[in-house]
Amino acid sequence: MTEHTEHAEYPAVTGHAGHTGHAEHAGHAGRPAVAEYPGHPGTPTWPAEFAERYRAAGHWRGETFGRMLRERAAAHGDRVAVVDPAGDGRRWTYAELDERADRTAAGLLALGVAKGDRVVLQLPNTAEFLQVVFALFRIGALPVFALPAHRVTEIAHFCEFAEAVAYVVPGVHGGFDYRVLADEVRARVPGLRHVIVADGDPGAHTPLSAVTADPAALDGAPAPAPHEMAFLQLSGGTTGVPKLIPRTHDDYLYSLRGSAEICGLDGDSVYLCVLPAAHNFPLSSPGTLGTLYAGGRVVMCPDPGPDTAFPLIEREGVTVTGLVPPLALVWTESAAAGTGHDLSSLKVLLVGGAKFSEEAARRVRPALGCTLQQVFGMAEGLVNYTRLDDPEEVIVTTQGRPISPDDEIRIVDDADNDLPVGATGHLLTRGPYTVRGYYRAPGHNAASFTADGFYRTGDVVRMTETGHLVVEGRAKDQINRGGEKVAAEEVENHILAHPAVHDAAVVSMPDPYLGERTCAWVILRSGAGPVKRSEIVRFVRGRGLAAFKVPDRVEFVDAFPSTGIGKVSKKDLRAAIAAQLREAPRA
Ligand code: OOB
């Protein structure tokens, strides 16, 4: 990737952030001025000429999520919108979901939550997830989409960094008491005004059932505009703490519309939400929101295993769902072994979040009797799908092609020179639903985006003659643990906090089930007494992190291998652990 070559078929489209009419900010290190969200210095949005282009092309249609649900409720209010098998088998129609969103929105206003306020949301796959999300959308308050796995360190950071006014939790879920977590968060973040508990005994906090008021209160309240931020997603992350991604109504609704179309959704579609609902994949690819956009039905799956999911597919007539590769493996094995459940309603299985191996991909159709649709997406924007009518070879060997004709794809070498079609290089992208920068992060934005607004995905890809992308690897310092992203630097910082640790380097190691797991290489301080591997694991766990970030393996060394210019060679560390695993897989 170091050779300089001619421009590829998809050359960089020149276009500079000139006069935009938006707030402008003198760029970092001589960069052109960038358009920013008013009131959010350090948070870039699309320059006006791009916004105009996307509107003229019909991508951005001036819709908002609040109005979208209202329109669907008006068109087919008595159709079931969401089924919650865990929540007493609740089935809410579009009219009910709309009314609940309204009442909760009014209740939030009464609590003092207003347009533009940030609210950290940590709800599992329940009907309330959609109720609260649409309530926030309706008043223009911004959900910050935390995952159920996050713990006090991450949640306190989101609350603090986003200056959240409220935090919404489930009560007790999956054997974990989120009310206790909320107490810890409150102790760390005094600015947090409200903790709202969605279900069960709220303890000292506010029950969601009490966050309700006459929807008439909404009439005078300021409504969000389509080009304004709708919510903040989390980045998979490569840095010390996860970054926040601002998505607008306009851009996200376009990605939903495109996704729903490409995945063949309509009013008869039944989407099973298996992955954590807050993640971008089950939220929008085509996900719960894409399904509601298309007028279909969402079934919230409380547990991803076949024992829970297969009976639900049969009972609810599920037509489409999305899985990460490790789960897709489990489902195919289980179905191939004979389940006793009728899965014939299932037409499309989306698999993404991490690379799905060709061998595993080939087993999907024979085992589950449905079409595989590979999806290669990112919370920052760009989503690629194999198409339902692509030849089987394309479906099993590629990760799809972009949603939009206006998604600009560049594949470049290490010096940002475009490579010819077929060559493997760094994927850069820009387009109508790919953000121009992270939330309040000018330093990170300078590193993660080019001066003309392309996002550096950190993925290493090649493009086939048909325009499909194949993910070949990754240049970012991240471990993809079966779709769950672990930023090496974040975990390294936690290990470094241990008094006996001198240095730490976290790398991926191959794993037959998850694809990758994490290995922490550690150098102890000279003079530090003996430290066990388990002590490092216990220490990181005690730091209050999502369990998937705790190292799967710890190796002690006296020194790290270094690159030619004296940096730690993670490539050598990856090779060393892979070799160890080959020699003694069970060590
Ligand atoms: C999805 O979103 P994120 O933000 O959790 O992670 C994005 C990263 C990509 O940059 C890539 O490194 C990896 O996850 N990835 C894949 C992949 N899909 C995502 N790598 C290889 N093959 C794939 N099919 O993971 C996400 C967002 C929307 C839809 C689907 C996945």
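Cut-offs and rules
- Residues numbered from 1 in each chain as written.
- Predicted model: local features only at pLDDT ≥ 70, side-chain atom pairs only at ≥ 80, totals over all residues.
- Heavy atoms only, no water.
- Near = heavy atom within 4 Å.
- Polar contact = N/O pair within 3.5 Å; in protein donor to acceptor, adjacent residues only side chain to side chain.
- Areas by Shrake-Rupley, 256 points an atom, 1.4 Å probe, with all protein chains shown as cover.
- Helix = DSSP H or I, 4+ residues; strand = E, 2+ residues; numbered from the N terminus.
- Nonpolar A, V, L, I, M, F, W, Y, C, P; charged D, E, K, R; others polar.
- Phe/Tyr/Trp six-rings, centres within 6.5 Å; stacked < 30°, edge-to-face > 60°.
- Buried < 20%, exposed > 50% of the residue type's maximum accessible area, 1.4 Å probe, protein only.
- Lys NZ or Arg CZ within 6 Å of the ring centre and 35° of its normal.
- Pairing = 2+ DSSP bridges.
- Axes fitted to C-alpha atoms, helices over the stretch in contact; angles between N-to-C directions.
- Contact = heavy atoms within 4.5 Å.
- UniProt positions renumbered as here; feature names shortened; annotations may be inferred.
- Core = buried A, V, L, I, M, F, W, Y, C linked by side-chain atoms within 4.5 Å.
- Salt bridge = Lys/Arg side-chain N within 4 Å of Asp/Glu carboxyl O.
- Parallel < 35°, antiparallel > 145°, perpendicular 65-115°, else oblique.
- Left-handed = near helix turned anticlockwise from the far one by under 90°.

Chemist: For the site of the ligand, give the residues involved together with the corresponding values.
Modeler: Every one of the 19 residues lining the ligand counts as a neighbour, but His279, Val375, Ala379, Asp459 and Lys476 are closest to it. Between a nitrogen atom of the ligand and a main-chain N or O atom of glycine 353, the distance comes to 3.0 Å. The backbone of alanine 354 places a nitrogen or oxygen atom 3.4 Å from a nitrogen atom of the ligand. Protein chains bury 96% of the 590 Å² of accessible surface belonging to the ligand in isolation. Tallying contributions element by element places strand 18 (residues 371-378) first for the shell around the ligand, with four residues. Grouping the amino acids of the shell around the ligand by side-chain chemistry returns seven nonpolar, eight polar and four charged.

Chemist: I'd love a proper account of the packing of aromatic side chains, names of residues and values included.
Modeler: This structure, assessed with the given rule, holds 16 aromatic pairs. Pairing phenylalanine 50 with tyrosine 54 gives two aromatic rings, centres 6.2 Å apart and planes at 55°, and the pair type is tilted. Remark: tyrosine 54 and phenylalanine 50 occur in helix 1 (residues 48-56); sequence separation between them is four residues, near one turn of the helix. Like phenylalanine 50, the residue tyrosine 54 is buried in the burial classification. Here the aromatic rings of tyrosine 254 and tyrosine 433 are separated by 6.0 Å at their centres, their planes lie at 75°, and the arrangement is edge-to-face. You can see tyrosine 254 sitting in helix 7 (residues 249-262) and its partner tyrosine 433 sitting in the loop between strand 22 (425-430) and helix 14 (442-448), a full 179 residues away along the chain. Over the ring of tyrosine 293 we find arginine 72, and its NZ or CZ is 4.6 Å from the ring centre. Over the aromatic face of tyrosine 438 sits the side chain of lysine 243, whose NZ or CZ is 4.9 Å from the ring centroid.

Chemist: Tell me about the sheet that holds strand 27 (residues 501-511), and please be specific about residues and values.
Modeler: In space, the three strands of this open sheet follow the order 27-28-29, with mixed pairing throughout. One side of each edge strand has no neighbouring strand; the edge strands of this open sheet are strand 27 and strand 29 (553-556). Between one strand axis and the next, the sheet turns by 25° as a mean value, whatever way the strands run. Note: strand 27 against strand 28 (residues 515-524), ten bridges, orientation antiparallel. Its bridge partner lying in strand 28, valine 506 is registered against alanine 520. On top of the sheet, helix 16 (residues 533-541) reaches strand 27 and strand 29; it is set at about 130° to strand 29, its chief contact. Lying on the sheet, helix 17 (residues 570-583) is in contact with strand 27, strand 28 and strand 29; it crosses strand 27 at an angle near 60°.

Chemist: A description of the UniProt feature "domain: AMP-dependent synthetase/ligase" (unreviewed entry) in the chain should follow, citing residues and the corresponding values.
Modeler: This chain's UniProt record puts "domain: AMP-dependent synthetase/ligase" (unreviewed entry) on residues 69-439. Taken end to end, residues 69-439 has its terminal C-alpha atoms 27 Å apart, with 34% of it in helix and 23% in strand.

Chemist: Quick one: what's the story with the nonpolar core, residue by residue and with numbers?
Modeler: If you look at the biggest cluster of nonpolar residues, it comprises 151 residues, and the most contacted ones within it are Phe65, Phe129, Leu130, Phe134, Tyr167 and Leu272. Ranked by residue count, the leading element in this core is helix 4 (residues 127-139), at ten residues. Val486, Val501, Val537 and Val550 belong to the second-largest nonpolar core, a separate cluster that totals 20 residues.

Chemist: Can you explain the pattern of salt bridges? Please cite residues and give values.
Modeler: Two side chains carrying opposite charge are able to pair once their charged atoms lie near each other. This structure, assessed with the given rule, holds 34 salt bridges. Between arginine 362 and glutamate 358 there is a salt bridge, and its shortest N-O distance comes to 2.8 Å. Residue arginine 362 and its partner glutamate 358 are both found in helix 12 (residues 358-368); the two are separated by four residues, about one turn of the helix. Shared partners join several salt bridges into a network, and the residues in it are Arg70, Asp98, Asp102 and Arg138.

Chemist: Please set out the pairing of strand 7 (residues 166-169) residue by residue, giving values where relevant.
Modeler: On strand 7, burial covers both faces: Ala166 and Val168 on one face and Tyr167 and Val169 on the other are all buried. Examined bridge by bridge, strand 5 (residues 118-121) and strand 7 share three bridges and lie parallel to one another. The residue bridging leucine 121 from the neighbouring strand is valine 168, located in strand 7.

Chemist: Break down the UniProt feature "domain: AMP-binding enzyme C-terminal" (unreviewed entry) in the chain for me, citing the residues and quoting the values.
Modeler: Per the UniProt record, the feature "domain: AMP-binding enzyme C-terminal" (unreviewed entry) sits at residues 490-567. Secondary structure over residues 490-567 splits into 21% helix and 32% strand, and the C-alpha atoms at its two ends are 18 Å apart.

Chemist: Break down the side chain of threonine 434 for me, with residues and values.
Modeler: Considering the arrangement of structural elements, one finds threonine 434 in the loop between strand 22 and helix 14. A polar contact is formed between the side chain of threonine 434 and the backbone nitrogen of leucine 382, at a distance of 3.0 Å.

Chemist: Go over the packing of helix 11 (residues 325-336) against helix 12, please, and point to the residues and values.
Modeler: Taken N-terminus to C-terminus, the directions of helix 11 and helix 12 make an angle of 40°; their axes are 9 Å apart at the nearest point. The pairing of helix 11 with helix 12 is recorded here as oblique in orientation. The crossing of helix 11 and helix 12 is left-handed. The segment helix 11 lies against helix 12, with Leu329, Trp331, Thr332, Ala335 and Ala336 engaging Ala360, Arg363, Val364, Ala367 and Leu368. Its residues assigned to classes, the contact of helix 11 with helix 12 shows eight nonpolar, one polar and one charged.

Chemist: Describe the packing of helix 3 (residues 94-111) against helix 4, and please don't skip the residues or the numbers.
Modeler: Taken N-terminus to C-terminus, the directions of helix 3 and helix 4 make an angle of 60°; their axes are 8 Å apart at the nearest point. In terms of their interaxial angle, helix 3 and helix 4 are classed as oblique. Crossing hand, helix 3 versus helix 4: right-handed. Residues Leu97, Asp98, Arg100, Ala101, Asp102, Thr104, Ala105, Leu108 and Leu109 of helix 3 lie in contact with helix 4, whose contacting residues are Leu130, Gln131, Phe134, Ala135, Leu136, Arg138 and Ile139. Broken down by class, the residue content of the contact of helix 3 with helix 4 amounts to ten nonpolar, two polar and four charged.

Chemist: Lay out the sheet that holds strand 21 (residues 408-412) in plain terms, naming residues and giving numbers.
Modeler: One open sheet holds the four strands; their spatial order is 21-22-23-24, and the pairing between them is antiparallel. Edge positions in the sheet fall to strand 21 and strand 24 (469-474), since each has one partner strand and no second. Sheet twist, expressed as the average angle between the axes of neighbouring strands with direction ignored, equals 45°.

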